Structure formats: structure tokens, C-alpha cells
Amino acid sequence: MNSENNLAETLANSKIYQDYERAFSETTGLPVALRPVESWQLPHHGQQKENPFCAFMAQKSRSCAACLQTQQPLHETATHEPETVTCRMGLCDTAVPVRLGDRLLGYLQTGQIFRKNRPKGDFSAH
């Protein structure tokens, strides 16, 4: 694990970040995660505000792999400014790069939301 990943994990475990995470989630109802650059885990899996649909999908390895494939381009493009991607089910995830000078430490990530109302039962790919 590189020093950027160690620093991101240290920040994520700090009291100030944990207070921020709790306040953000309580205020918006959305999950938020501070993720290291190199992470092969779903960003919000197991969090209190995880989208129930996403939690259900994460139980199946094939669905989990599809979610991870959505995360990859998000992290490739969110290196200097925030980026948002939409998964095959129409849910959006946003990543904001966390930088220390020229060093990319990780991403502040939120999402698992629809940006517009969808008809009940509509999960067609877009």
C-alpha cells in the first residue's frame, strides 16, 4: 500500500472526518466515503445510509462486479475535479478528488441516487 493510501485511511479514521461523515449523512440522507486512490471495494457497502437497492445488488458477485466497473472510470476521471458517473441502473455516484499539493490522496465519494424520478419498476439500462 502506498503512502497516499495510508494517508487517506488515516484521514478517514480521524475524528474530524468521522464528525463530517456523520453530519453529511444525517443532513443529506446520503452515504459519503473517503476512499484511497487504490481501492477495490464498493464505496458505500455496509454504511448506514447505503442505498438498499445497492446493498441488495452487492450480495451477488456478478452485480458487485458491475458496480466496481462503474467505479473505475469515475476514479480515472476525477483526478483534478469532481466527476459523476451513472451506473446501468441509473444511479449516480460522484467523486471529489482529495489532493495535497500535486499528490492525489483519494476521493470523497457520495451517491447511489437517481437524479430524476423514475417510474416504479423501471430499471432498464440507459
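Before any of the text, the structure's been laid out above.
1. Concerning the overall build of the chain
Turning to step 1, where the next piece is worked out: The helix and strand tally for the chain stands at four helices and four strands.
Turning to step 2, where the next piece is worked out: Mapped from its N terminus to its C terminus, the chain presents α and β elements in the order α-α-β-α-α-β-β-β.
Turning to step 3, where the next piece is worked out: By the burial criterion, 37% of the 126 residues in the chain qualify as buried.
Turning to step 4, where the next piece is worked out: Long-range pairs, those at least 24 residues apart, make up 46% of the contacts in the chain between residues at least 6 apart in sequence.

2. Focus on the pattern of salt bridges
Turning to step 1, where the next piece is worked out: A complete count under the given rule lists two salt bridges for this structure.
Turning to step 2, where the next piece is worked out: The salt bridge involving aspartate 19 is made with lysine 15; its shortest N-O contact spans 2.9 Å. Taken as a pair, aspartate 19 and lysine 15 lie in helix 2 (residues 15–28) at a separation of four residues, close to a single helical turn.
Turning to step 3, where the next piece is worked out: Given a relative accessible area of 60%, lysine 15 falls into the exposed group.
Turning to step 4, where the next piece is worked out: Notably, a salt bridge pairs aspartate 19 with arginine 22, separated by 3.3 Å at the nearest N-O pair. On the criterion of helical spacing, the pair formed by aspartate 19 and arginine 22 is a turn pair, its members being three residues apart in helix 2.
Turning to step 5, where the next piece is worked out: Residue classification places aspartate 19 among the partly exposed residues on the basis of a relative accessible area of 27%.

3. Some points on the packing of aromatic side chains
Turning to step 1, where the next piece is worked out: Under the counting rule described, the total for this entry stands at two aromatic pairs.
Turning to step 2, where the next piece is worked out: Centroid distance tyrosine 17 to tyrosine 20: 6.2 Å. Interplanar angle 40°. Geometry classified as tilted. Of this pair, tyrosine 17 and tyrosine 20 both sit in helix 2, three residues apart, roughly one helical turn.
Turning to step 3, where the next piece is worked out: Relative accessible area serves as the criterion here: at 37%, tyrosine 20 is assigned to the partly exposed category.
Turning to step 4, where the next piece is worked out: Members of the aromatic cluster, connected to one another through ring pairs, are Tyr17, Tyr20 and Phe24.

4. Thoughts on the pairing of strand 4 (residues 103–113)
Turning to step 1, where the next piece is worked out: Of all eleven residues in strand 4, eight are buried; the element is thus mostly enclosed.
Turning to step 2, where the next piece is worked out: Bridging between strand 1 (residues 32–36) and strand 4 involves five bridges; their strand directions are antiparallel. When the bridges of strand 4 are listed, arginine 35 appears paired with tyrosine 107.
Turning to step 3, where the next piece is worked out: Sheet analysis places strand 3 (residues 92–100) next to strand 4, joined by nine bridges and oriented antiparallel.

5. Observations regarding the nonpolar core
Turning to step 1, where the next piece is worked out: Leu74, Ala78, Val85, Ala95, Leu104 and Tyr107 form the largest nonpolar core, which has six residues in total.
Turning to step 2, where the next piece is worked out: Those residues in contact with alanine 95 that lie beyond four places of it in its chain are Leu74, His75, Ala78, Glu81, Pro82, Glu83, Tyr107, Leu108 and Gln109.

What counts, and at which threshold
- Residues numbered from 1 in each chain as written.
- Predicted model: local features only at pLDDT ≥ 70, side-chain atom pairs only at ≥ 80, totals over all residues.
- Heavy atoms only, no water.
- Helix = DSSP H or I, 4+ residues; strand = E, 2+ residues; numbered from the N terminus.
- Buried < 20%, exposed > 50% of the residue type's maximum accessible area, 1.4 Å probe, protein only.
- Contact = heavy atoms within 4.5 Å.
- Salt bridge = Lys/Arg side-chain N within 4 Å of Asp/Glu carboxyl O.
- Phe/Tyr/Trp six-rings, centres within 6.5 Å; stacked < 30°, edge-to-face > 60°.
- Pairing = 2+ DSSP bridges.
- Core = buried A, V, L, I, M, F, W, Y, C linked by side-chain atoms within 4.5 Å.

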